[in-house]
Amino acid sequence: MKEKWAAWPVYRRAMLLATAGILAIFAVLYPIANTQKGLVYGDDFYRVKTVDSAKVYIGVDHGQQNFYTSGINIRGGNGEGKKTAYTVSQTPEGYRMECQVEGESFGPYTLKTFPLEDFRAAPETATLADFAMRLDGGLEIIDVATGETLFRGGYGLRNTYTQLISETVTTEGDSANYMTVDGVKYFNYSPASPEEGPGPYDLVAFSLGAEEKALTHHGAGWAYLLGLLVAAINIVSIVWAEELFVWSMSFRVADPESVEPSEWEIFTRHVGWGLFLLMELIVLIMGLTSVA
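For every chain, the first residue of the written sequence is number 1, and numbering continues from 1 along that sequence. Only residues with pLDDT of 70 or above have their local features reported here, since the model is predicted, and side-chain atom pairs are shown and tallied only from 80 upward, although totals for entire chains, interfaces and linings are computed over all residues. In computing side-chain properties, one takes all heavy atoms of the structure into account and sets aside hydrogens as well as water.

A. Molecular detail of the overall build of the protein chain. Starting at the N terminus, helices and strands are each numbered in turn, a helix being any DSSP run of H or I of at least four residues and a strand any DSSP run of E of at least two. A count of helices and strands for the protein chain gives nine helices and 13 strands. Residues counted as buried form 41% of the 292 residues belonging to the protein chain. Contacts in the protein chain between residues at least 24 apart in sequence constitute 59% of all its contacts with a sequence separation of at least 6. Throughout, exposure labels follow a simple rule: accessible area from a 1.4 Å probe, protein chains only, divided by the maximum for the residue type, with under 20% read as buried, over 50% as exposed, and the rest as partly exposed. By definition, residues are in contact when any of their heavy atoms lie within 4.5 Å.

Dropping the structure here:
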């Protein structure tokens, strides 16, 4: 093997070292990413840690609005990333929360749940089942600093979105997402996103919603295995290039070992090594940045 290595050109050695080196680097990065558990909200990943029995969710909020998948995210959907942290503590009545956006504090807020029977939006003629199909209970959100009630009504948690139905019945406006009980339309609670600070959907997502979702992490295992397969193929093609060429010639000529590779054969071989190296790098990066 030492003799083969010494006879190899620089490009071939570089391709082998790069292929193995990239695989070794990501073999360290993937386990590190797997240990950093967190919660996905919209398109953003929030890393979670525990501080004095409270959960702290830390991430970069890009302010996207995607009502039908994750509720209404904060700060108007302008795509500007802002470091955001939610501190969540459980209380006998529900949750106590605080929010920090780029170091500016908002709250604290209290989230209190109550039985769905106390949800007063339904007309007397409507049955509880009309709402229970989509709602899980009642909820009241209060800004402790100002005493303002941000929301009171019913909430429903689904795999892909959160639904809030306010106690205030309205038939005004136009929405594609509403429920009708006895001819009365109950619109999803969808106020304009505040320019600063969290809205009701954000607060629900990191309290009640977080309890319903399993924590996840970056670093998809399937991507690392695929990258490992691509790297293995490339390493085999680099180390045993001559042997593979002789084997392929054995199907064409009687004496394959006497055949010398053409310049075109050598050129395509080099291009192939580079393409496999690039494919390995792309697959591993995509897997590391995606959520498992």
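B. Structural view of the packing of aromatic side chains. Here a Phe, Tyr or Trp ring, Trp counted by its six-membered ring, pairs with any other such ring whose centre lies within 6.5 Å, and the pair is stacked when the planes are under 30 degrees apart, edge-to-face when over 60, and tilted otherwise. Tallied over the entire structure, the rule returns eight aromatic pairs. Their ring planes at 55 degrees and their centres at 5.4 Å tell us that Tyr-57 and Phe-206 sit as a pair that is tilted. Placement of Tyr-57 in strand β3 (residues 54-61) and of Phe-206 in the loop between α5 (200-205) and α6 (208-212) is noted, with a sequence separation of 149 residues between them. As far as burial versus exposure is concerned, Tyr-57 and Phe-206 are alike and both buried.

C. Highlighting the side chain of Glu-280. Locating Glu-280 in the fold gives a position in helix α9 (residues 263-289). Within the buried set, Glu-280 has no salt-bridge partner at all; the shortest N-O distance to an opposite charge, 15 Å, is to Arg-12. Working convention for charge: Lys and Arg count positive, Asp and Glu count negative, and His plus the chain ends are omitted. Whenever Lys or Arg places a side-chain nitrogen within 4 Å of a carboxyl oxygen from Asp or Glu, that contact is recorded as a salt bridge.

D. Spatial organisation of the nonpolar core. The set of buried Ala, Val, Leu, Ile, Met, Phe, Trp, Tyr and Cys residues whose side-chain atoms join them within 4.5 Å is what this entry labels a nonpolar core. Membership of the largest hydrophobic core comes to 28 residues, with the highest contact counts inside it found for Tyr-57, Leu-111, Leu-139 and Phe-206. Judged by nonpolar contacts, the second largest core, of 19 residues, contains Trp-8, Leu-16, Tyr-224 and Leu-284.

E. Focus on the packing of helix α2 (residues 10-35) against α9. Axis geometry follows a simple rule: fit a line to the C-alpha atoms, using only the stretch in contact for helices, then measure angles between N-to-C directions, giving values from 0 to 180 degrees. Between α2 and α9, the least distance of the axes is 10 Å, while the angle of their chain directions is 10 degrees. If you check the angle between α2 and α9, you find them roughly parallel. Side by side, α2 and α9 meet where Tyr-11, Arg-12, Met-15, Ala-18, Thr-19, Ile-22, Leu-23, Phe-26, Leu-29, Tyr-30 and Ala-33 of the first sit next to His-270, Trp-273, Gly-274, Leu-277, Glu-280, Leu-281, Val-283, Leu-284, Ile-285, Gly-287 and Leu-288 of the second. When residues are grouped by polarity, Ala, Val, Leu, Ile, Met, Phe, Trp, Tyr, Cys and Pro land in nonpolar, Asp, Glu, Lys and Arg in charged, and all others, Gly among them, in polar. Residues belonging to the contact of α2 with α9 are distributed by class as follows: 16 nonpolar, four polar and two charged. Note on angle classes: values under 35 degrees are labelled roughly parallel, values over 145 roughly antiparallel, values of 65 to 115 roughly perpendicular, and the remainder oblique.

F. Spotlight on the sheet that holds strand β6 (residues 82-91). Strand pairing follows a simple DSSP-based rule, namely that at least 2 bridges must link the two strands. Read from one edge to the other, the open sheet built from nine strands follows the order β1-β2-β3-β6-β7-β8-β9-β10-β11, with strand pairing classed as antiparallel. The outermost strands of the open sheet, each flanked by one partner alone, are β1 (38-41) and β11 (162-166). Sheet twist, expressed as the average angle between the axes of neighbouring strands with direction ignored, equals 30 degrees. As paired strands, strand β10 (residues 148-157) and β11 are joined by five bridges and run antiparallel to one another. Paired with Gly-154 across the bridge in β11 is Ile-165.

G. Just the pairing of β3, in detail. Burial analysis of β3 places six of its eight residues in the buried class, which makes it a mostly covered element. Of the strand pairs in this sheet, strand β2 (residues 44-51) and β3 are connected by six bridges, and their pairing is antiparallel. Looking at the pairing, Val-48 lines up with Tyr-57 of β3. In textbook terms, the turn of a hairpin is the stretch between consecutive antiparallel strands, and for β2 and β3 this stretch comprises two residues, one of which, Asp-52, has a positive phi near 50 degrees. Direction of pairing for β3 relative to β6: antiparallel, over a ladder of seven bridges. Counted as the bridge partner of Asp-61 is Lys-82 from β6.

H. Seen up close, the packing of α2 against helix α7 (residues 221-239). At a minimum axis separation of 10 Å, α2 and α7 run at an interaxial angle of 160 degrees. The angle between α2 and α7 falls in the class roughly antiparallel. In terms of crossing hand, the pair formed by α2 and α7 is left-handed. Contact residues: α2 offers Arg-12, Met-15, Leu-16, Thr-19, Leu-23, Phe-26, Ala-27 and Tyr-30, while α7 offers Ala-223, Tyr-224, Gly-227, Leu-228, Ala-231, Asn-234, Ile-235, Ile-238 and Val-239. Of the residues belonging to the contact of α2 with α7, the class tally is 13 nonpolar, three polar and one charged. Take the far helix as the reference: if the near one is turned anticlockwise from it by less than a right angle, the crossing is left-handed, and if turned clockwise, right-handed.

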